[in-house]
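# Report on the structure
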Amino acid sequence: MAHEKWMSVYDTLSSEWFIEKLQDYGTFETKLTTLGVDIYYISLLDQVAELKEEIEDNQALIVAMGDTELFGRFKEMSSKEIADSIEAAYKEAGAGMDGTVIRAAYEDAMQLAAMT
């Protein structure tokens, strides 16, 4: 049931009705130009499409694994692997530099990527 609710939200956010309301809001309630409104709603649609795809992919993985707890552990392990790879790349790129500078750059990158 929760999955269907999420999908209906994404469907609403990408519906022609919502896009028209968003364009009206951007045109009449903000100081955006027509180009600015277009960029605004297109970037929103791109984000909605990406998030919807992520939900669909996660749902497919959950169904394939047959266990939401196993899926949770899989996501944790995947995130850790990605974080470890990024950290290794920063260390390699900064070989010979001050370790605290490298660590700070890595932590900034991880925060930007919402990995920590």
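Residues numbered from 1 in each chain as written. Predicted model: local features only at pLDDT ≥ 70, side-chain atom pairs only at ≥ 80, totals over all residues. Heavy atoms only, no water.

## Focus: the overall build of the protein
Selection rule: Strands here mean DSSP runs of E at least two residues long; helices mean DSSP runs of H or I at least four residues long; both are numbered from the N terminus. Exposed residues in this analysis have more than 50% of their type's maximum accessible area, buried residues have under 20%, and partly exposed residues fall in between, with area computed by a 1.4 Å probe over protein chains only. Residue exposure ignores everything except the shown protein chains as possible cover, and the areas themselves are Shrake-Rupley values with a 1.4 Å probe.
Each helix and strand counted, the protein has five helices and zero strands in total. Reading the protein from its N end, one meets helices and strands in the order α-α-α-α-α. The burial tally for the protein puts 16% of its 116 residues in the buried class. Counting every atom, the protein has about 8700 Å² of accessible surface; 59% of that belongs to carbon and sulfur.

## Points about the packing of aromatic side chains
To describe a pair of aromatic rings, you give the distance between the ring centres and the angle between the ring planes. Note the following rule: Working definition: a ring pair exists when centres of Phe, Tyr or Trp rings (six-membered ring for Trp) sit within 6.5 Å. Plane angles under 30 degrees give stacked, over 60 give edge-to-face, the rest tilted.
Counting across every chain of the model gives one aromatic pair. With a centroid separation of 6.4 Å and 45° between ring planes, the pair formed by tryptophan 17 and phenylalanine 18 is classed as tilted. For tryptophan 17, a relative accessible area of 52% translates into the label exposed.

Geometric values such as these leave the question of function open.
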